[in-house]
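Observations on the three-dimensional arrangement
As a plain string of letters, each chain reads:
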Amino acid sequence: MKTKTVLVSAAAGVGLGVLLLPGAALAETVVSPASTPVGGTVVLTATTCDPASGDAIFHVTGPNRDQNVRSTTTAPGGGLSAELFTAGFTLGTYTVTATCGDGTAAGSATFTVTPIGGAAAGT
């Protein structure tokens, strides 16, 4: 019985150690600002992509978009980024999903395109 208790405690300790030890960075994609008027610019950043592994690809989907945007710069805080000009975008919410140059997923984020000079219709 005592051995069983020790094994359970050891297993729990190992499990906690795995949760508490720093591992691979969590995939994170950030869009800034989170809201922009039509014709505004948003910056897409995949914070966990290593610039040495190649360009990140940002896949943008929404009311009238299904396009890829390639990273153009190394982000100041780390990772890769690109600017996206929203001229011609329909009002609404868009999802950005990023993939690093080595093929690893880098998470997703959303942004909203609003009318020029005001909040989105219905708000």
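Read on for an overview of the structure. (Residues numbered from 1 in each chain as written. Predicted model: local features only at pLDDT ≥ 70, side-chain atom pairs only at ≥ 80, totals over all residues. Heavy atoms only, no water.)

In terms of regular secondary structure, the protein is built from 1 helix and 9 strands. For the protein, the residues scored as buried account for 26% of the 123 residues in total. By sequence separation, contacts in the protein at least 24 residues apart represent 57% of the contacts at least 6 residues apart. As presented, the protein carries roughly 7,300 Å² of accessible surface, and 62% of it is formed by carbon and sulfur atoms. (Helix = DSSP H or I, 4+ residues; strand = E, 2+ residues; numbered from the N terminus. Buried < 20%, exposed > 50% of the residue type's maximum accessible area, 1.4 Å probe, protein only. Contact = heavy atoms within 4.5 Å. Areas by Shrake-Rupley, 256 points an atom, 1.4 Å probe, with all protein chains shown as cover.)

In this section: the packing of aromatic side chains. Inspection of every chain in the model, using the stated rule, returns 3 aromatic pairs. Judged by centre distance (5.4 Å) and plane angle (15 degrees), the rings of Tyr94 and Phe111 are stacked. Here Tyr94, found in strand S8 (residues 92-99), pairs with Phe111, found in strand S9 (residues 105-114); they are 17 residues apart in sequence, far enough to count as distant. Pair check on accessibility: Tyr94 and Phe111 agree, each one buried. Through a chain of ring-to-ring contacts, the aromatic side chains of Phe89, Tyr94 and Phe111 assemble into a single cluster. Above the face of the Phe89 ring, Arg65 is positioned so that its terminal group lies 4.1 Å from the ring centre. (Phe/Tyr/Trp six-rings, centres within 6.5 Å; stacked < 30°, edge-to-face > 60°. Lys NZ or Arg CZ within 6 Å of the ring centre and 35° of its normal.)

A word on the sheet that holds strand S1 (residues 29-32). Pairing is antiparallel in the open sheet, where 4 strands are placed in the order S1-S3-S7-S6. For this open sheet the edge positions go to S1 and strand S6 (73-74), each flanked by a neighbour on one side alone. Where S1 lies against strand S3 (residues 41-46), 4 bridges are found, and the strand directions are antiparallel. Residue pairing in the sheet places Val30 in a bridge with Thr45 of S3. (Pairing = 2+ DSSP bridges.)

This paragraph deals with the nonpolar core. Membership of the largest hydrophobic core comes to 21 residues, with the highest contact counts inside it found for Leu44, Phe58, Val60, Leu84 and Phe111. Among the elements of the structure, S3, strand S4 (57-62), strand S7 (80-85), S8 and S9 are those that each provide at least two residues to this core. Among the elements that line this core, the one with the most residues is S9, at 4 residues. The residues contacting Leu44, other than those within four sequence positions of it, are Val30, Val31, Phe58, Val60, Val69, Leu80, Ser81, Ala82, Leu84 and Val96. (Core = buried A, V, L, I, M, F, W, Y, C linked by side-chain atoms within 4.5 Å.)

The full count for this structure, using the stated rule, is 1 disulfide. Put simply, Cys49 and Cys100 are joined by a disulfide, and their sulfur atoms are 2.1 Å apart. Here the disulfide of Cys49 and Cys100 is left-handed, its torsion about the S-S bond being about -85 degrees. Highlighted residues: Cys49 in the loop between S3 and S4 and Cys100 in the loop between S8 and S9, separated in sequence by 51 residues. Summarising the burial analysis for this pair, Cys49 and Cys100 share the class buried. (Disulfide = S-S within 2.5 Å.)

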